[in-house]
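Descriptive analysis of the structure
In case you want the letters, here they are:
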Amino acid sequence: MRIYRTDQFPLPLPDGHRFPAAKYQLLAEAVAGFASHAMETAPAATTWELQQAHSADYVAQVIDGSLPARAWREIGLPWSPELVERSRRSVGATIAAARGALLDGCGVNLAGGTHHAYHDKGSGFCVFNDVAVASRLLLQEGLVRRILVLDLDVHQGNGTAAIFRDEPRVFTFSMHGEKNFPFRKEVSSLDIDLPDHTGDVSYLALLQQHLPALLLQHQPDIVFYLAGADPWQGDRLGKLALSMHGLLQRDLLVMQQVRNTGAALVITMAGGYASDITDTVNIQTSTIHAAWQLYAGTKSMQTTTSIRSEHNA
């Protein structure tokens, strides 16, 4: 099991920017506490690789900074050479994690899950769609026949749904807040719209209702799991009401059922916008630790997560 990090490539943002870029270094430090020997620096996706899911014009404009100002406003991040490098590394991490998962059973990107990026534009803090690029490459190379994108970020995976709208080999599943961003949603292969304040019981029941059938019917060779931390009840942009314990149960349900089918699993972090950044880091560390225990066969150990001390579970 290989774990790819991108935090060595900083994302320069103006003071007060609401994107929590600092979470990536904190997450890498936490994961290093139990899996340092499995961590690797993410490779950079090539321009050709990016073009497998994105238009050549869009990729070129991102790289040279010539994308119109309105397009950068939709992305929500200011252009810089560092942003380009970081975006390449985030996609490269998912590509590498996917290739590793086909050998080891599971691969992890400590970033990624940039599911709002379309074929010809970015959106919602997403420049390139890492899962779409990796999926296209695996299909082109004949390494897989069928793919399941399991998007459990609190926001719909609109860019991914649009990119794979006419691709029967890729099943896109998104379970997200009905009244949350994006407010104009795309049509996934299957969308589950959740009302505000949905909690652990309802959420987990719906996931248990749909996931086994998806795995049985689609029979994916690989599953891309967007393990968003933003369904948490304390997330600033979430609107749902899952506890940290509920999110861990979600992760375990996904990992165990995917593993039981024999499909490879790729985990990306997707969103997380807690007021206290350590809450997001704790949730995501817990996700990686659960995968580490299941796939790497390590002894049970305490992580830096604070689930056991959460008062609102």
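Everything numeric here is computed off the predicted structure, so don't read it as measured data.

Below, the discussion takes up the overall build of the chain. Looking only at helices and strands, the chain has 10 helices and eight strands in total. The C-alpha atoms of the chain give 18 Å as radius of gyration, which agrees with the globular expectation for 313 residues (20 Å, within 12%). When its C-alpha atoms are laid out on the principal axes, the chain stretches across 50 × 45 × 40 Å. In the chain, which comprises 313 residues, the share counted as buried stands at 59%.

Judged by how many residues are buried, strand β8 (residues 264–268) sits mostly within the fold: five of five residues are covered. Burial of the side chains of β8 extends over both faces: Ala264, Val266 and Thr268 are buried on one face and Leu265 and Ile267 on the other. By the bridge criterion, four bridges tie strand β3 (residues 106–109) to β8 in an arrangement that is parallel. Bridging across to β8, cysteine 106 finds its partner in leucine 265. Where strand β7 (residues 222–226) and β8 come together, five bridges link them in parallel fashion. In the sheet register, isoleucine 222 faces β8, and the bridge partner there is alanine 264.

Tracing the backbone through its elements, the reader meets asparagine 158 in helix α7 (residues 158–163). The residues contacting asparagine 158, other than those within four sequence positions of it, are His115, His116, Tyr118, Pro182 and Glu186.

Moving on, we come to the pattern of salt bridges. Scanning the entire structure with this criterion turns up nine salt bridges. Arginine 165 is the salt-bridge partner of glutamate 186, the closest N and O atoms lying 2.9 Å from each other. Of this pair, glutamate 186 sits in the loop between β5 (170–177) and β6 (190–194) while arginine 165 sits in the loop between α7 and β5, and the two are 21 residues apart along the sequence. Close ionic contact of aspartate 251 with arginine 250 constitutes a salt bridge, the shortest N to O distance being 3.1 Å.

On to helix α3 (residues 56–64), then. Regarding α3, the residues found buried are Tyr58, Val59 and Val62. Projected down its long axis, α3 carries its buried residues within an arc of 100°, all on one side. Of the surrounding secondary structure, the elements contacted by the buried residues of α3 are α2 (47–50), α4 (69–75) and α5 (81–104).

If you trace the eight strands from one edge of the open sheet to the other, you get β2-β1-β3-β8-β7-β4-β5-β6, paired in parallel fashion. Only two strands of the sheet have a single partner each, and these edge strands are β2 (39–41) and β6. Along the sheet, successive strands turn relative to each other by an average axial angle of 15°, direction set aside. Pairing between β5 and β6: five bridges, direction parallel. Directly across from histidine 176, in β6, lies its bridge partner aspartate 193.

Here lysine 239 is to be found in the loop between β7 and α9 (244–261). We classify lysine 239 as partly exposed; its relative accessible area is 40%. Beyond its immediate chain neighbours, meaning those up to four positions away, lysine 239 contacts Lys179, Asn180, Asp196 and His197. Looking at lysine 239, its side chain comes within polar contact range of the main-chain oxygen of lysine 179, at 3.2 Å.

Once that is clear, we can look at the packing of aromatic side chains. How two aromatic rings sit relative to each other is set out by the distance from centre to centre and by the angle between their planes. The tally for this structure, following the rule as stated, stands at five aromatic pairs. Connected via pairs of aromatic rings, a cluster forms that spans Phe19, Tyr24, Phe125 and Tyr273. Above the ring of tyrosine 273, the side-chain terminus of lysine 23 is found at 5.5 Å from the ring centroid. Here the basic side chain of arginine 86 rests over the ring of tyrosine 24, its NZ or CZ set 4.7 Å away from the ring centre.

This next bit is on the confidence of the model for the chain. For the chain, per-residue confidence averages 94 on the pLDDT scale, and 95% of positions sit at 70 or higher. Within the model, the stretch residues 298–313 combines pLDDT values under 50 with 32 contacts to residues more than four positions away or in other chains.

Calculation criteria
Residues numbered from 1 in each chain as written. Predicted model: local features only at pLDDT ≥ 70, side-chain atom pairs only at ≥ 80, totals over all residues. Heavy atoms only, no water. Helix = DSSP H or I, 4+ residues; strand = E, 2+ residues; numbered from the N terminus. Rg over C-alpha atoms; globule rule 2.2 N^0.38 Å. Buried < 20%, exposed > 50% of the residue type's maximum accessible area, 1.4 Å probe, protein only. Pairing = 2+ DSSP bridges. Contact = heavy atoms within 4.5 Å. Salt bridge = Lys/Arg side-chain N within 4 Å of Asp/Glu carboxyl O. Arc of directions from axis to C-beta. Axes fitted to C-alpha atoms, helices over the stretch in contact; angles between N-to-C directions. Polar contact = N/O pair within 3.5 Å; in protein donor to acceptor, adjacent residues only side chain to side chain. Phe/Tyr/Trp six-rings, centres within 6.5 Å; stacked < 30°, edge-to-face > 60°. Lys NZ or Arg CZ within 6 Å of the ring centre and 35° of its normal. pLDDT = per-residue confidence, 0-100.

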